[in-house]
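# Descriptive structure summary
Here is what each chain is made of, one letter per residue.
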Amino acid sequence: MNRAAVIAATTVPEIPMRYALRSLVLFMALVAAGCATMEPPKPWERGDLTKASMQIDPDKLETKIQQHVYTSKEAATGGYGVGGGGCGCN
Amino acid sequence: MTGLRGGARVALLVAAILQAGAALSVGAGDAAPAFVLPTASGETIALEKLRGRLVYVDFWASWCGPCRRSFPWMNEMQQKYGARGLTIVGINVDKRRPDAERFLRQTPAIFSIVFDADGKTPEAYAVKGMPSSYLIDTAGNVVAVESGFRDEQKAGLEERIRALLPPQ
């Protein structure tokens, strides 16, 4: 068997363009549908999300103190929420 | 191009199937979805058995702040209008029963409390927020839906309850 014949035998037969398109669209639909099934928790399922340990900022007072220390040490302010716009006026 | 259209059709079908899962919310004028749920003592409360009474169904959870504030008001309503035909049913949706029991020790209820950890009932009512309450008339139809519990809702709700009860 010569080289050309081996290549010819192992090459995937050419798929007509419309089949390729169709399977691509189907694949994308399934991928999109997969995302759609991941629903956010329902209002009555938020019990665990309301725990203090699940909050982005579990202790408001501590965050405030930390930010106070940070801004004084870094001689800069702002960048965290609405505490200031970096004007240095608070 | 026919291939693409076929694919688009499949995508639409998938989208339609997924949409079908989303329940429509229950509003005023709709028949209240039935439920049969257990109380702490092991008895069951069925909405159907409460036909002829004005029913105030409240979905609550131990982790919900406004729910805690709504309990004294619901106790008051039960006390004031229970004899005239009002039944308040608090449906607890906590996943863990001890959480609900702790809440009830801190915030006692004189109205009926039932438990639905599976969330089938809030699903059927398509509850939009916690707490949510449904005023159900003597024929089993929803007359009012309230989401959340704020002090300014109290007067209006009591007025509605009073209007739906037989005159003294």
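In the block above lies the structure referred to throughout.
The following refers to the structure shown. (Residues numbered from 1 in each chain as written. Chains lettered and ligands numbered in written order. Predicted model: local features only at pLDDT ≥ 70, side-chain atom pairs only at ≥ 80, totals over all residues.)

## What about the pairing of strand β3 (residues 54–60) of chain B?
Residues and elements named next belong to chain B. In terms of burial, β3 is a largely internal element, seven of the seven residues being buried. Of the two faces of β3, the one carrying Leu-54, Tyr-56, Asp-58 and Trp-60 and the one carrying Val-55, Val-57 and Phe-59 are both buried. Where β3 and strand β4 (residues 86–92) come together, seven bridges link them in parallel fashion. What sits directly across from Asp-58, in β4, is Gly-90. The parallel pair β3 and β4, bridged by helix α2 (residues 65–81), forms a crossover whose chirality is right-handed. (Buried ≥ 20, exposed ≤ 12 C-beta atoms within 10 Å, placed from the backbone. Helix = DSSP H or I, 4+ residues; strand = E, 2+ residues; numbered from the N terminus. Pairing = 2+ DSSP bridges. Right-handed = clockwise from strand over helix to strand, strands pointing away.)

## A closer look at the sheet that holds strand β6 (residues 132–136) of chain B
Residue and element names in this part refer to chain B. Spatial ordering of the open sheet is given by β5-β4-β3-β6-β7, a layout of five strands whose pairing is mixed. Each of the sheet's edge strands pairs with one partner strand only, and the pair in question is β5 (112–115) and β7 (142–147). Each strand axis lies, on average, 20 degrees off the axis of its neighbour in the sheet, ignoring direction. Along the sheet face, α2 touches β3 and β4 and points at about 155 degrees away from the line of β4. Lying over the sheet, helix α5 (residues 151–164) contacts β3, β4, β6 and β7, oriented at roughly 165 degrees with respect to β7. (Axes fitted to C-alpha atoms, helices over the stretch in contact; angles between N-to-C directions. Contact = placed C-beta atoms within 7 Å.)

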